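Breakdown of the fold
Residues per chain are reported as follows:
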Number of protein chains: 2
Amino acid sequence: MTEGRTLRADAVRNRKKILAAAREQVTAHGPDVGMDEIATAAGVAVGTLYRHFPTKTDLVAAVMEEFVARIADDIEAACGRVAAGGRAWDELTGFLARLIEAAATDQAIKAATQTLGAVPDDKADEDRASTALANLIRTAQSDGDLHPDISVADIYLLFSSVPTDCPPTTRTRWLTLVLFGLNPHGRAGDRTSAR
Amino acid sequence: MTEGRTLRADAVRNRKKILAAAREQVTAHGPDVGMDEIATAAGVAVGTLYRHFPTKTDLVAAVMEEFVARIADDIEAACGRVAAGGRAWDELTGFLARLIEAAATDQAIKAATQTLGAVPDDKADEDRASTALANLIRTAQSDGDLHPDISVADIYLLFSSVPTDCPPTTRTRWLTLVLFGLNPHGRAGDRTSAR
DNA sequence: GATAAAGTCGAACCATGGTTCAGCTTACTT
DNA sequence: AAGTAAGCTGAACCATGGTTCGACTTTATC
């Protein structure tokens, strides 16, 4: 269905190299890296990038999809642990903590979190993430650990603006503050050290 | 002290026009407007901008200072109303609601909120804002309306990432979610309609 | 191994946007 | 009123970064 035409042997090889380099570069320097830098890192000329991806936006989008997929995998794993008897609230906070920590290191993840709520091309993986998150939310709510009217959109809304360019303690503090608003037990939900 | 040299009559006039145009343009299109656009709006050539401000960054910084000053005025006014018998929590939430609403319309305010926590040149006005906010916080805490360990830095942290490119209802929802985490009464603090 | 199609190369193109500066105009001085 | 320095002008400069395209090379086919 999404079969273009049979690619030549070196073409497939280059495509892989390009995607790998793009992933690496975007991770390190964010989606604003130059095409030249990606090309150099891939050991390929710029023109080759444009043979595989019509525009820079498309290339970056392809990389982003991978990261959204990774996020989706993470939530689904958390869901699995809940099904195996884990506490939903703990898995939820654990996931969010991992997400915020990843966003700090990884410029691409940062950009990806900002894209989650809005205009994505990666319907499939985002849907996976959303349904798994919805599942987690529902369970946490019936456990009485999460305010009953919190929705998936709410989580996306809060985490679309994770602070990244700051010391780790600041990020931890931010998570603490946000979790206060989600947990009906009030301060009870706090397991991170303040300030 | 900060006296350069006596400016010529038309120079002062142009300086005002430039600052006015810059304010207007930055408000409308954010700090990324071109120098040309500011110049045109001021009825002046680009070169004139550079006679008054050595670099674009300096010009934008000058405009930002005005906005920080405006924010500082707002909090100080709120402080005044508290001194006159107003409830600190109400004034605090009122201020935050105004801030978030302004940030939505005003690209400059949006940028200003993101600058509040970090690397500012406008020590004076930021200090005014900080002390007034600290005052408000202290009062709200002794009223029992605000969690006791919330600091000025916490408020800056939360509001450094106000969502702006979204419908008004989303902004309202965001404020609601954040306030949940600040108010020890839990849902009691909610006076905004959900979703 | 010869031929054509597919792929690659990279210098050149183009658009954007901050910054400069040589020549002209204007406001103050005497 | 003349002189001079301060101020203004805007075309040109430069750096950045995405995109194109004609010449060249490689893969696959016969």
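For the structure itself, consult the block above.
Residues numbered from 1 in each chain as written. Chains lettered and ligands numbered in written order. Predicted model: local features only at pLDDT ≥ 70, side-chain atom pairs only at ≥ 80, totals over all residues. Heavy atoms only, no water.

**Considerations on the packing of helix α1 (residues 9–29) of chain B against helix α4 (residues 56–83) of chain B**
For any two helices packed against each other, the geometry comes down to the angle between their axes and how far apart the axes lie. Residues and elements named next belong to chain B. Direction vectors running N to C along α1 and α4 enclose 75°, while the axes themselves pass 10 Å from each other. With respect to each other, α1 and α4 are oriented roughly perpendicular. On α4, the residues touching I18, L19, A22, R23, V26 and T27 of α1 are L59, A62, V63, E66 and F67. (Axes fitted to C-alpha atoms, helices over the stretch in contact; angles between N-to-C directions. Helix = DSSP H or I, 4+ residues; strand = E, 2+ residues; numbered from the N terminus. Parallel < 35°, antiparallel > 145°, perpendicular 65-115°, else oblique. Contact = heavy atoms within 4.5 Å.)

**Side note on the packing of aromatic side chains**
Residues and elements named next belong to chain A. Counted by the stated rule, this structure contains two aromatic pairs over all chains. Here the aromatic rings of F159 and W174 are separated by 5.3 Å at their centres, their planes lie at 85°, and the arrangement is edge-to-face. Remark: W174 occurs in helix α9 (residues 168–182) and F159 occurs in helix α8 (residues 152–159); sequence separation between them is 15 residues. Of the two residues, F159 and W174, both sit in the buried class. (Phe/Tyr/Trp six-rings, centres within 6.5 Å; stacked < 30°, edge-to-face > 60°. Buried < 20%, exposed > 50% of the residue type's maximum accessible area, 1.4 Å probe, protein only.)

**Some thoughts on the relation of the copies chain A and chain B**
Superposing the two chain copies requires a rotation about an axis and a translation along that axis. Overlaying chain A on chain B yields an RMSD of 0.1 Å, the required transformation being a rotation through 180° with an accompanying axial translation of 0.0 Å. The symmetry that links the two subunits is that of a two-fold axis. Looking at the rotation axis and the C-alpha trace of chain A, the residue lying nearest is A:G181, at 1.8 Å. A symmetric contact is evident, with 100% of the interface residues of chain A recurring at the interface of chain B. (Least-squares fit on C-alpha atoms with pLDDT ≥ 70 in both.)

**So, the protein's contact with DNA strand D**
In the neighbourhood of DNA strand D, 21 residues make up the surrounding shell, with A:T55, A:K56, B:R8, B:N14 and B:T48 lying closest. Expressed as a percentage, the sugar and phosphate content of the atoms of DNA strand D within 4 Å of the protein is 76%. In the environment of DNA strand D, a phosphate oxygen lies 3.1 Å from a nitrogen or oxygen atom belonging to the side chain of B:R51. At 3.4 Å from a phosphate oxygen of DNA strand D is found a side-chain nitrogen or oxygen belonging to B:H52. Of all the elements in the fold, those that place two or more residues in the surface near DNA strand D are α1 (9–29) of chain A together with α1 and α3 (46–52) of chain B. Ranked by residues supplied to the surface near DNA strand D, first place goes to α3(B) with five residues. Looking at the surface near DNA strand D residue by residue, the classes come out as nine nonpolar, six polar and six charged. (Near = heavy atom within 4 Å. Polar contact = N/O pair within 3.5 Å; in protein donor to acceptor, adjacent residues only side chain to side chain. Nonpolar A, V, L, I, M, F, W, Y, C, P; charged D, E, K, R; others polar.)

**Some details on the interface of chain A and chain B**
On the side of chain B, 19 residues touch chain A, which itself brings 19 residues to the contact. Connecting chain A to chain B are four salt bridges. Taking the shortest distance from any N to any O, the salt bridge between B:R173 and A:D154 comes out at 2.5 Å. Those elements that provide at least two residues to the side of chain A that touches chain B are α8 and α9 of chain A. (Salt bridge = Lys/Arg side-chain N within 4 Å of Asp/Glu carboxyl O.)

**Focus: the protein's contact with DNA strand C**
As a structural note, the neighbourhood of DNA strand C is formed by 22 residues, with A:R8, A:N14, A:R51, B:A9 and B:K56 the closest of them. For DNA strand C, the backbone makes up 74% of the atoms found within 4 Å of the protein, where backbone means sugar plus phosphate. Between DNA strand C and B:K56, the relevant distance is 2.4 Å, taken from a phosphate oxygen to a side-chain nitrogen or oxygen of the residue. By residue number, the principal contributor to the surface near DNA strand C is helix α3 (residues 46–52) of chain A, which donates five residues. Along the lines of polarity and charge, the residues of the surface near DNA strand C split into ten nonpolar, six polar and six charged.

In short, the description is geometric, and any link to function would need to be established separately.
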